[in-house]
Amino acid sequence: MSTTTAAPTTSGASTTGPRHKKQSNRSKALTVLTWLVAILFFVPVAWMVLTSLHSEQDAATNPPSVLAPLTTQGYREFFGATSGASPWPSLINSAYASIGSTILVLILAIPAAYALSIRPVRKWSDVMFFFLSTKMLPAVAGLLPIYLIAQNLGLLDNINLMVVLYTAMNLPIAVWMMRSFLAEIPIAILEAARIDGAGLLMTFRKILIPMSAPGIAATSLICFIFAWNEMLFARVLTGVRSATSPVFLTSFVTSQGLFLAKVCAAAVAVSLPVLIAGFAAQDKLVQGLSLGAVK
Amino acid sequence: MSKDTVSSRTTTGPGGPSHGPGGPSDALDRPQRRAPKPRAWGTRAPLLPALLFMVVITQLPFVATLIISFMNWNALYPNDRGFAGIDNFKTAFTDPDLRNSIFNTILYTVVIVLVALVLGFALALMLDRSFRGRGFVRTILIAPFLVVPVAAALVWKHAIFNPEYGLLNGTITWVWRLFGSDNPPQPDWITNTPKLAIMAALIWQWTPFMMLILLAGLQGRPLDVIEAAQVDGASPVQIFRHMTLPYMRQYLELAGLLGSIYVVQNFDYVFTMTSGGLGSANLPYTIYQTFYQAHDYGLASAAGVIVVVGTIIIATFALRTVSTLLREDQL
C-alpha cells in the first residue's frame, strides 16, 4: 500500500535527509489523526455497549460514570426478566424474513443476472436501469396500496408478506451485483462445458454457482442486512404475531424512569447479528455496497 | 452458434453496452442483433421471473397510488369515498407541513450525502496508507454502519443527546469541571436543533458506507503512474488534484448516488428521534403519518405521487451518471 504523502522509497533517490524526516513526522501525525477520528466514530458504539452493561443508576449519571461496575441486568430486562415480554418471537420473525427473502432474491437474481451478462437479452442495459430505477422510487409511495391489498387478501400481520416485500426491496441490488460477478467468469470455461455437453442446469450447478460463490456470499450479506434493518413496512404491515425486531425495539422503549441501560442492551442485542455478519465479511461488505462494481 | 455466443458475450463484458456511442463495440454489436429469433425466448426466460416479480410488487402499487390520489378517501369517513379531481394535489401543494417536509427531505439528503462523502473520502485517504493498526482502525470505522438504524437512532436520542444524562452533555459537564466550572451549559440538543441532531446521527451512520466504497476505489488506482509522477517531482497536492480526483470521480458518483437512494427514504431516524415534531418531518414520515394516523388515503397518495414524480426527475439525471458505470472497464 504505497501512498502519495508518505513513501520515502517511492519518491526516488532525490530524497534528502531532512525532507525524509519531515515526511516521516507528518506520516506519524496523520496516523495519530486517523486513530483519533476512528475512535471518535466508534464512541457511540462503544458507549452503547458500555451503557448496556451498566445498572440503570450508573447509566443515568452526569458526568458519565465510565468505570461503573458491569452487570447483565439490562440484557436480562430486554429478554423479559420483569416485563415477561420476550423478544424471541420478533427475533425469529426477523431471521425468517431476512433469510427467507435472501434465498428468494438469489433464486430470482442469479438466472436474471445470467440473462443480463452471459447470454444477454437485447437491450440488457435498459433492463439493468429498470431494476435500479425501482430502487429510486421511494418505497413509502407504494405503502398504502400494498397495505390495502394485503388487508383485502388477509395478509396483514403475516410474516410471509414481509418475505415477499423484502425480496422486492433487495432484488434490484442483487441483480446488479450478480451480473457484475457473472460477467467475470471467463467465457472459455462456459464454452468448454457446452462442448462437453453440459446443459443449462448442469452449467449452473457445476460452473456458474461455484465460480460466483464469493459474489453470492456478498449479495446474501447485503440483502440480509437491509432486510434485517427495515422498519417502515414492518411497522405498518405487521402486528402482534409477525412483528420484526426493529418493531419490537420501538415498542420496547418506554419514556418513563431510568431505562438507558435497557435501551442500549436492546439496541446491542438487535444489532448483534448484523455486526457479527458485517465484521466477519468486511471485504464482502465492500463488494456488496458498491453493487459489485468494486472487487 | 458458438461464434454467436462468443461475439455477443464480447459486447457485454464490463467493456461496453450494446448501444454504446460509436467505438469498437458497434462493430461487435452486429452479430448479436442478427441473432436467430428462436433463441430470443430461450435467452429471456431466466430473466422473466425477476422482471415479472418486480413489475407486480413495485410498479402496480404505484398505479394504484395514482388512482387513489384522485379520490376522496378517508378511512374514518367511509361513506364519503368518491372522485375528488385534483383536490388532493391542491391540498398537498398548499399544506405548509407537506411543503416543509419536501424541503426537509431535500435538505437532509443533500447535507447528509455531501458531508458523509467528504468525511468518507478523507477517511479513505487516511486509511489508504500503511500504518500500525490499519486493519483494526478500518474495522471500528465500519461499526456505525452495522448498527441497526432504529437501534442507532434510539442510542443517539437517549444515550447521547439526552439533556440530563446523555453522553454529550455529560462530557461537557466533565470538561467544564476539569476547568473548575460548576455551571456547564446543558443544551437540549434535539429540542433546540432537531434537524441538526438527525443529520449528525445519519452522517455518523453513512460516512463508513462512503468510506468503504471510496477506499476500494483508491486501492484500485494504478500506482505505477502515480510513482512516475512522484519521480517527476509532482507534489502530493498536484497528484491528488490531477490524478487521484479524476480517477475517483466515478467512485464518488457511485457512492453519492447509492447514498442518496437510501438517505432520501430515511424514516427510522425521524420517527425515533423526533416523531416528525419540531418541523423536522421528511416526506417518508409525513406520508406515513397522513396514511397511518390521519387515515387520509387520498392525500397520502397525492403526496406519494408528488414524491415519485420528483424522484423521477432527479433520478433521470442521476441515472445518466451511473450509465457510465456500465461502460467503464475498471468498474
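Residues numbered from 1 in each chain as written. Chains lettered and ligands numbered in written order. Predicted model: local features only at pLDDT ≥ 70, side-chain atom pairs only at ≥ 80, totals over all residues.

## Observations concerning helix α4 (residues 48–69) of chain B
Taking 1.5 Å of rise per residue, 22 residues should cover 32 Å, and α4 of chain B covers 30 Å from first to last C-alpha, within 8% of that figure. Val 56 of chain B marks the point of greatest bend in α4 of chain B, at about 30°. (Helix = DSSP H or I, 4+ residues; strand = E, 2+ residues; numbered from the N terminus. Expected span 1.5 Å × (residues − 1). Bend = angle between axes of the 7 residues up to and from the residue.)

## Let's talk about the domain arrangement of chain A
Accessible area lost during the coming together of the parts is what is often quoted as the interface size. Structurally, chain A comprises domain 1 (17–78) and domain 2 (88–254 + 270–289). Relative to domain 2 of chain A, the C-alpha centre of domain 1 of chain A lies at a distance of 34 Å. (Domains from an automatic or database assignment.)

## A few points about the interface of chain B and chain A
Residue-level contacts link 96 residues of chain B with 94 residues of chain A. A per-class count over the side of chain B that touches chain A returns 68 nonpolar, 21 polar and seven charged. (Contact = placed C-beta atoms within 7 Å. Nonpolar A, V, L, I, M, F, W, Y, C, P; charged D, E, K, R; others polar.)

## Concerning the confidence of the model for chain A
Residue and element names in this part refer to chain A. The predicted model of chain A has a mean per-residue pLDDT of 84, with 89% of residues at 70 or higher. Mean pLDDT values for the elements of chain A range from 80 in helix α14 (residues 282–289) up to 94 in helix α4 (residues 88–117). Here residues 1–16 is modelled with pLDDT under 50, and outside its nearest four sequence neighbours on either side it reaches 29 contacts, counting other chains as well. (pLDDT = per-residue confidence, 0-100.)

## A short note on the confidence of the model for chain B
All names here are of chain B. Scored by pLDDT, chain B has a mean of 81; 84% of the residues are at 70 or more. Here residues 1–36 is a poorly scored stretch, pLDDT under 50, and it has 40 contacts once near neighbours within four places are set aside; other chains count. The ipTM value of the predicted complex is 0.86, and its pTM value is 0.84.

## Describing helix α8 (residues 149–160) of chain B
Within α8 of chain B, 12 of the 12 residues are buried, leaving the element largely enclosed by the surrounding structure. Buried residues of α8 of chain B: Pro 149, Val 150, Ala 151, Ala 152, Ala 153, Leu 154, Val 155, Trp 156, Lys 157, His 158, Ala 159 and Ile 160 of chain B, and no others. (Buried ≥ 20, exposed ≤ 12 C-beta atoms within 10 Å, placed from the backbone.)

## Brief notes about the nonpolar core
Side chains that are nonpolar tend, in soluble globular proteins, to be buried together. With 174 residues, the main nonpolar core has Ala 109 of chain A together with Leu 214 of chain B as its most contacted residues. Setting aside anything within four residues of it in sequence, one finds Leu 214 of chain B in contact with Gly 120, Phe 121, Ala 124, Met 248, Tyr 251, Leu 252 and Ala 255 of chain B. (Core = buried A, V, L, I, M, F, W, Y, C linked by C-beta atoms within 7 Å.)

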